[in-house]
Amino acid sequence: MHHYQWAKTPPMGWNSWDCYGASVTEDEVKGNAEYMAKYLKPFGWEYVVVDIQWYEPGANSSIYRPFVPLEMDEYSRLMPAVNRFPSAKGGKGFKPLADYIHSLGLKFGIHIMRGIPRQAVHQNTPILGTNVGARDIADTNSICPWNTDMYGVDHRKEGAQAYYDSLFQLYAQWGVDFVKVDDIAASKLYGTHTEEIKMIRKAIDRCGRPMVLSLSPGPAPLDHATLFVENANMWRMTDDFWDRWELLYDMFERCYKWCKLVGPGHWPDADMLPLGNIGIRSVDGGGTDRMTRFTKDEQRTMMTLWIIFRSPLMFGGELRDNDEWTLSLLTNEEVLHVHQNGYGARQVYRENDHVVWTSQDAEGNQFVAMFNISEKRSVVSVSLKDLGCMEPMKARDLWAKEDLGLVKHQLAFELGPHQSILVKLSPAVGKGL
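Report on the accompanying structure. Within each chain, residue numbers correspond to sequence positions counted from 1 in written order. Predicted model: local features are reported for residues with pLDDT of at least 70 only, side-chain atom pairs are reported and counted for 80 or more only, and whole-chain, interface and lining totals are derived from all residues. Side-chain numbers here rest on the full set of heavy atoms in the structure, without hydrogens or water.

### Quick word on the side chain of His339
No. 1: With respect to the helices and strands, the residue His339 is situated in helix H12 (residues 333-341).
No. 2: When a residue's accessible area, from a 1.4 Å probe over protein chains only, is under 20% of the maximum for its type it is buried; when over 50% it is exposed; and in between it is partly exposed. Given a relative accessible area of 0%, His339 falls into the buried group.
No. 3: We call two residues contacting when some pair of their heavy atoms lies within 4.5 Å. Apart from the residues within four sequence positions on either side, His339 is in contact with Pro10, Met12, Trp306, Ile307, Arg310, Ser311 and Leu313. To qualify as a helix, a DSSP run of H or I must reach at least 4 residues; to qualify as a strand, a run of E must reach at least 2; elements of each kind are numbered from the N terminus.

### A word on the nonpolar core
No. 1: One finds Ile116, Phe168 and Trp357 to be the most contacted residues of the largest nonpolar core, which totals 128 residues.
No. 2: In this text, buried Ala, Val, Leu, Ile, Met, Phe, Trp, Tyr and Cys residues form a nonpolar core when linked through side-chain atoms within 4.5 Å. Tyr349, Leu384, Leu387 and Leu411 belong to the second-largest nonpolar core, a separate cluster that totals 18 residues.

### Comments concerning the pattern of salt bridges
No. 1: Salt bridge, as used here, is a side-chain nitrogen of Lys or Arg placed within 4 Å of a carboxyl oxygen of Asp or Glu. Under the counting rule described, the total for this entry stands at 26 salt bridges.
No. 2: Taking the shortest distance from any N to any O, the salt bridge between Glu196 and Arg114 comes out at 2.6 Å. Of this pair, Glu196 sits in helix H7 (residues 194-207) while Arg114 sits in the loop between strand E3 (107-113) and strand E4 (116-117), and the two are 82 residues apart along the sequence.
No. 3: Note that Asp243 and Arg293 form a salt bridge whose closest N and O atoms lie 3.0 Å from each other. Here Asp243 is found in the loop between strand E9 (234-236) and helix H9 (245-258), whereas its partner Arg293 is found in the loop between strand E12 (290-291) and helix H10 (296-309), with 50 residues between them in sequence.
No. 4: By relative accessible area, Asp243 is classed as buried at 3%.
No. 5: The structure contains a network of salt bridges with shared partners spanning Arg114, Asp183 and Glu196.

### Re the layout of surface pockets
No. 1: Here a cavity denotes grid points, spaced 1 Å and computed from the protein atoms alone, that fit a 1.4 Å probe unable to get out, and a pocket denotes an open set having protein on both sides within 12 Å along at least 5 of 7 lines; residues with an atom within 4 Å of a point are the lining. Grid points are joined across faces, edges and corners, and a volume is the space filled by probe spheres set on the points. One number sums up the size of the largest pocket: a volume of about 250 Å³.
No. 2: Taken together, 16 residues form the lining of the largest pocket, with Trp17, Tyr64, Trp146, Asp240 and Asp284 sitting closest to its centre.
No. 3: Residue classes in the lining of the largest pocket are distributed as six nonpolar, one polar and nine charged. Classification used: nonpolar for Ala, Val, Leu, Ile, Met, Phe, Trp, Tyr, Cys and Pro, charged for Asp, Glu, Lys and Arg, polar for all others including Gly.

### Overview of the sheet that holds strand E10 (residues 267-269)
No. 1: For two strands to be treated as a pair, DSSP must find at least two bridges joining them. Pairing is parallel in the open sheet, where eight strands are placed in the order E10-E9-E8-E7-E3-E2-E1-E13. At either margin of the open sheet sits one strand with a lone partner, and together these are E10 and strand E13 (313-315). On average, adjacent strands in this sheet sit at an angle of 25° to one another, irrespective of strand direction.
No. 2: For strand E2 (residues 47-50) and E3, the ladder comprises four bridges, and the chain directions are parallel. Across the sheet, Val50 pairs through a bridge with Ile110, a residue of E3.
No. 3: Against the sheet, helix H2 (residues 26-40) engages strand E1 (12-15) and E2, with an angle of about 165° to E2. Angular values range over 0 to 180 degrees, each being the angle between N-to-C directions of two axes fitted as lines to C-alpha atoms, with helices fitted over their stretch in contact.

### Topic: the environment of Leu319
No. 1: With respect to the element layout, Leu319 can be found in the loop between E13 and helix H11 (324-330).
No. 2: For the pair Leu319 and Asn32, spaced 287 residues apart in sequence, the C-alpha to C-alpha distance is 5.7 Å.
No. 3: Here Leu319 is in contact with Trp14, Asn32, Tyr35, Met36, Leu40 and Leu330, once residues within four sequence places are set aside.

### Re empty space enclosed by the protein
No. 1: As enumerated under the stated definition, the model contains two cavities of 30 Å³ or more in all.
No. 2: Space inside the largest cavity adds up to approximately 90 Å³.
No. 3: If you go around the largest cavity, the residues you meet are Asn15, Phe178, Lys180, Ser214, Ser216, Met234, Arg236, Asp269, Asp271, Met272 and Met314.
No. 4: The set of elements that each furnish at least two residues to the lining of the largest cavity consists of strand E7 (178-182) and E9.
No. 5: Within the lining of the largest cavity, the residues separate by chemical class into four nonpolar, three polar and four charged.
No. 6: In this structure, the second largest cavity spans a volume of roughly 60 Å³.
No. 7: Every residue along the wall of the second largest cavity is listed here: Trp54, Tyr55, Leu78, His111, Ile112, Met113, Met150, Tyr163, Leu167 and Tyr171.
No. 8: If you list the elements that add at least two residues to the lining of the second largest cavity, you get E3 and helix H6 (160-174).

### Overview of the pairing of E1
No. 1: With burial as the criterion, each face of E1 is covered, one bearing Met12 and Trp14 and the other bearing Gly13 and Asn15.
No. 2: Here E1 runs beside E13; their pairing, made up of three bridges, is parallel. The residue of E13 that forms the bridge with Trp14 is Phe315.
No. 3: Here E1 runs beside E2; their pairing, made up of three bridges, is parallel. Residue Asn15 lies in a different strand from E2, and its bridge partner there is Val49.

Written out as structure tokens, the structure is:
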């Protein structure tokens, strides 16, 4: 089965990084999963993803402790730190936690770093199913510029593919549904790690379990687009995204560049949604424990861009601290319909920091996202003709869930700075009206 089948619509879920950095615990993962099952699952949210360094017993924030001992099995494979994930004891790994998340009707994901643990290489521990050791397959010159856990794997060495195969066999046994691989899509030192992407793709295909493959960090280079489309389900088109307006402003250009590569099974990824309560133990993103620094207008603008463009939606906050407003951003079925069923998204125009995007669905509806990303209140407008509509249409404000009446010539709204509106246009039935 082709990997496109495994993410026919953009994945939606929760990831632990924005709130807990490298230090999330089993109880925190379970608590967020329980919230998702109760409040978000009916709206299509399903992935619960444990981010970086679940194998590091002493992790306490988003700052990595260099060259510390990591939990590992006898075959050079990292294992969950049992002090943080008690159900992993006795070599059970993430299977008990994955089973629990599956019991809630959700899917389980993990983050891994590209490569093989440095400590495996220094100890020359074996590679499952081979006669070689970790030292034989490592490329010790291929390091991650921001984390000391791993060396790269040299694809030319005997046992290299076997190592990746053994990793994904283990993840399949655990019941993993989603794998985010880091230090691979783009690297400050080496660009894109093409051969390791291909080895990982092969290993997933061989493991016998469907797993969504997400590649980080960004910005993934556009000239490798074919590689990403052929091998991954999603890839980061940006560096880590946080709750700062200039990063959101910058995302409009990135979405414009990547929009032609959006499609079933392959999703350019605008990164996580830094919403709700973030920074609890994550000092990355320049803040401490806080509610998102985005204003309500900015939060809705972010959601509207991710929705029309069809980025994966990965919520970054501690879900159990959501207020009514934050929950409302995640549970508007009319808005989420655009995300899950819209297609052909394109930017209609951008001028003077007025931006208009459109997409459509199979039922003949057209969706129009209109943004004022300037610093002053102004009217943003678009003609029906420029949207390709040849006759009057009924309009509906999807966030407000309010009908706006018949539109004959153009949509025009006065929007404050950083404000947006998402409109559905549907054919006006009964021409005689």
